[in-house]
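Observations on the three-dimensional arrangement
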Amino acid sequence: MSLHDQIDLIRTNLDFKLKVATTEQHVEQLRIEFLGKKGSVSALLSTLGAMDAEERKGAGAQINLLKTDVAQAIEERATILKSAALDARLKAETVDITLPLQPAPTARGRIHPISQTIDEITAIFSDMGFSIAEGPDIETDYFNFTALNFPEGHPAREMHDTFFMKMGADGVKKVLRTHTSPVQVRVMQKTNEKPAASYITPAMDPPIRVVMPGRTYRNDSDQTHTPMFHQVEGLVIDKSSHIGQLRWVLEEFLKAYFEVPNVTLRFRPSFFPFTEPSMEVDVQCDRSGSEVKIGEGSDWLEILGCGMVHPNVVRNAGLDPDIYQGFAWGMGIDRIAMLKYGMPDLRAFFDGDQRWLDHYGFRPLDLPTLFGGLSS
């Protein structure tokens, strides 16, 4: 085959392979195939040594022209493919600057209504001069019942649907606390022992003004009851405390919490082992619409229990009931959250449904304050 025919074959072969090349990597392989040390163009150049001077002069010019054309063709195809790849990448990575910005994490996040309600409660009572106390969720039978005037075998122990725990090696009976009242005894109790854990508020000296929010547990579950729920209790111990002060504290709290100018309360006799006298408290409300409105209307709604601290409880806490007396009250945090924010089912509080939390939750930076509005 003549040199001219070989050159035409290389050109034809190159044109065909460049047309079907679809990637820069493929074009690079063609460059090696034609211009590499063992490429077809290099093979032609190696034949020049066997030619005489006159023949070599004409053949060398043709082969060098072929080499230049091949290199140029390969470079042009590589440029086209590189440009196409860049266009495809830019199209895939295009950012539509007309779209709105995604909300920041502080705007997307939500505070659970229970956490918000606890913050509202503590804000109100802190403004009234109360301290905040906490205690363990796993309590001894003594603090949960006996110290609160529940004698062994007393029927009142059956009122609480208690979760009893297996007795430990120390022989101490333990339960999941059925109320936050054990914290009252821990706050009042005079002892030289160090608290078992740092989150247990140490004993205080009278006068005592403290509220105790926390989780409680009872074996009960329906639309308005869950096995774990939240309570807040309040305690005042002093030498001259009386029911009139209790009524004022409750009225002021409910006015601030429900953000209404006035509330009307009704006290009914009841029974709690740890208070004497004991009372259930109803608040005047309006049930005529789809929501319960506090502070207006002609209906009544039971909202909490209260009473004067039983002398036995004061005595069990290490204080002299002939000198000190006090009052206490307790209410369900979940219940008052449902009343204020119109939530129909208590179980939804614990479902972890993001849609529910987006609807009922609170923005993280909207902290409740008495001057700015609790739920603004």
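Note: the structure precedes this text.
Scope of this entry: the structure provided in the associated data block. (Residues numbered from 1 in each chain as written. Predicted model: local features only at pLDDT ≥ 70, side-chain atom pairs only at ≥ 80, totals over all residues. Heavy atoms only, no water.)

Quick notes on the overall build of the protein chain
Secondary structure summary: the protein chain contains 12 helices and 11 strands in total. In terms of C-alpha radius of gyration, the protein chain reaches 42 Å, well past the compact-globule figure of 21 Å for 376 residues. The C-alpha extent of the protein chain, read off along each of the three principal axes, is 135 × 55 × 35 Å. Here the protein chain holds 376 residues, and 40% of them are scored as buried. For the protein chain, restricting intrachain contacts to residue pairs at least 6 apart in sequence, the fraction spanning at least 24 positions comes to 65%. Charged side chains in the protein chain number 39 positive and 51 negative. The centres of these two groups are separated by 5 Å. (Helix = DSSP H or I, 4+ residues; strand = E, 2+ residues; numbered from the N terminus. Rg over C-alpha atoms; globule rule 2.2 N^0.38 Å. Buried < 20%, exposed > 50% of the residue type's maximum accessible area, 1.4 Å probe, protein only. Contact = heavy atoms within 4.5 Å. Lys, Arg positive; Asp, Glu negative; His and termini not counted. Charge placed at Lys NZ, Arg CZ, Asp CG, Glu CD.)

Some remarks on helix H2 (residues 24–35)
Across its 12 residues, H2 extends 16 Å between first and last C-alpha, which sits within 8% of the 16 Å expected from 1.5 Å per residue. Here the buried face of H2 lies against helix H1 (3–20), helix H3 (40–45) and helix H4 (53–92). (Expected span 1.5 Å × (residues − 1).)

Topic: the layout of surface pockets
If you add up the space inside the largest pocket, you get close to 1,200 Å³. For the largest pocket, the lining is made up of 43 residues, of which Gln231, Glu302, Met331, Gly332 and Arg335 are closest to its centre. At the level of elements, helix H8 (181–188), strand E6 (228–238), strand E8 (275–286), strand E10 (299–309), strand E11 (325–332) and helix H11 (333–341) are the ones that each hand at least two residues to the lining of the largest pocket. (1 Å grid on protein atoms, 1.4 Å probe; cavity = no way out; pocket = protein on both sides within 12 Å on 5 of 7 lines; lining within 4 Å. Points joined across faces, edges and corners; volume = space filled by probe spheres on them.)

Quick word on the packing of helix H6 (residues 113–127) against H11
Where H6 meets H11, the axes come as close as 10 Å, and the angle between the chain directions of the two elements is 95°. Viewed along their axes, H6 and H11 adopt a mutual orientation that is roughly perpendicular. Facing H6, whose interface residues are Ile114, Gln116, Thr117, Ile118, Glu120 and Ile121, H11 presents Ile333, Asp334, Ile336, Ala337, Lys340 and Tyr341. By residue class, the composition of the contact of H6 with H11 is 7 nonpolar, 2 polar and 3 charged. (Axes fitted to C-alpha atoms, helices over the stretch in contact; angles between N-to-C directions. Parallel < 35°, antiparallel > 145°, perpendicular 65-115°, else oblique. Nonpolar A, V, L, I, M, F, W, Y, C, P; charged D, E, K, R; others polar.)

Regarding the side chain of Gln184
Structurally, Gln184 is set in helix H8. Dropping the residues within four chain positions of it, Gln184 is found in contact with Met212, Glu233, Gly234, Leu235 and Ala328.

Observations concerning the environment of Gly129
On the secondary structure map, Gly129 appears in the loop between H6 and strand E1 (131–132). Between the C-alpha atoms of Gly129 and Gln102, which are 27 residues apart in sequence, the distance is 42 Å.

Quick word on the sheet that holds strand E2 (residues 138–140)
Here we have 3 strands laid out as an open sheet, ordered E2-E4-E3, and antiparallel in their pairing. This sheet does not close on itself; its edge strands, each paired only once, are E2 and strand E3 (163–164). Where E2 and strand E4 (residues 174–176) come together, 3 bridges link them in antiparallel fashion. In the sheet register, Glu139 faces E4, and the bridge partner there is Val175. (Pairing = 2+ DSSP bridges.)

Here we look at the packing of aromatic side chains
Here the structure, examined in full by the defined rule, presents 15 aromatic pairs. Judged by centre distance (6.0 Å) and plane angle (45°), the ring pair of Phe150 and Phe274 falls under tilted. Taken together, the positions of Phe150 in the loop between helix H7 (141–144) and E3 and Phe274 in the loop between strand E7 (265–272) and E8 put the pair 124 residues apart, joining distant regions of the chain. For the pair Phe150 and Phe274, a shared accessibility class is recorded, and that class is buried. Seen from their ring centres, Tyr257 and Phe258 are 4.9 Å apart, and the 80° between their planes marks the pair as edge-to-face. Accessibility classification places Tyr257 together with Phe258 in one group, the buried group. Taken together, the ring pairs connect Phe125, Phe130, Phe253, Tyr257, Phe258, Phe327 and Trp329 into an aromatic cluster. Above the face of the Phe143 ring, Arg186 is positioned so that its terminal group lies 4.1 Å from the ring centre. If you follow Lys340 out to its NZ or CZ, it ends over the ring of Tyr257, 4.5 Å from the centre. (Phe/Tyr/Trp six-rings, centres within 6.5 Å; stacked < 30°, edge-to-face > 60°. Lys NZ or Arg CZ within 6 Å of the ring centre and 35° of its normal.)

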